[in-house]
Amino acid sequence: MARRARASAVVGQAFRVWWGDFMLLLLFNIAWLALQFPVFTGPVATAAMYVIARRIVDGELTEPRHGREALRNMLWPGLQWGALNLAVVLVVVGNFWAYREAVGPMWVLFRLTWATAGLGWLVVNLFYWPFWLVAQDRTVRNTLRNSAIFVMRRPGFALGVALISAVLIVVSILVVLPMAAAAMAWIALIGVLAVDEEVSGPREPVHQAPRVSMQ
């Protein structure tokens, strides 16, 4: 594999890792789906899913109890991240709603700017938790900075990963609903492996087949 991997190569690698721990990741993904319904637990569950993806890519022993530990450990970081995302969504959606009846070329430009900013924010957040997990300075500001620099430095790669992730989400929800029980695990693995490729170069994740316990 070349020093700079393509987005498709990272996605393929993520699928191989996912397949190697299919049952365990399916369990975690179902738990993640359930935790989206209370809403406020959604960001924490998402952060915890990335922690699990990090453990699996690193070849660490991973059991269901590690999911519970991840939820506890990521409670405050996850709530911070969720609150920030809620604020951004409210600003972007609020602008569209408040000026929905405004017309003219200038307002078209404004709407394009808001849409671009919103999409850029989503792409940056795809890599937020993978960068948070490998950083020494785990502040929100530093993590967003690292993720934004990565996206600006390698826009083609980052946007490719984001586009494939978006397609996975759409397909899993609209076309093959059972795939929704796997999509978040795939996305977390893709994000972790993409950041690994940027930080230390492409590598095959450590993977020990008999390391999963379902007790």
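Please refer to the structure higher up on the page.
Residues numbered from 1 in each chain as written. Predicted model: local features only at pLDDT ≥ 70, side-chain atom pairs only at ≥ 80, totals over all residues. Heavy atoms only, no water.

J.: Honestly, the packing of aromatic side chains in this entry has me stumped. Any pointers?
T.: The description of an aromatic ring pair uses the distance of the two centres, along with the angle that the planes make with each other. Counted by the stated rule, this structure contains 20 aromatic pairs. Summarising the aromatic geometry, the rings of Phe15 and Trp18 are spaced 5.5 Å apart at their centres and angled 35 degrees between planes, so their arrangement reads as tilted. Of this pair, Phe15 and Trp18 are both found in helix α1 (residues 7-20), three residues apart, which corresponds to roughly one turn of the helix. Overall, the relative accessible area of 6% leaves Trp18 in the buried class. A centroid spacing of 6.1 Å and a plane angle of 80 degrees characterise the contact between Phe150 and Phe157, whose relative ring orientation is edge-to-face. Both residues of the pair, Phe150 and Phe157, count as buried. Joined through ring pairs, the aromatic side chains of Phe15, Trp18, Trp19, Phe22 and Trp186 make up one cluster. Between Arg100 and the ring centre of Trp97, over which it is positioned, the NZ or CZ distance is 3.8 Å. The side chain of Arg138 reaches across the aromatic face of Trp132, ending 4.3 Å from its centre. (Phe/Tyr/Trp six-rings, centres within 6.5 Å; stacked < 30°, edge-to-face > 60°. Helix = DSSP H or I, 4+ residues; strand = E, 2+ residues; numbered from the N terminus. Buried < 20%, exposed > 50% of the residue type's maximum accessible area, 1.4 Å probe, protein only. Lys NZ or Arg CZ within 6 Å of the ring centre and 35° of its normal.)

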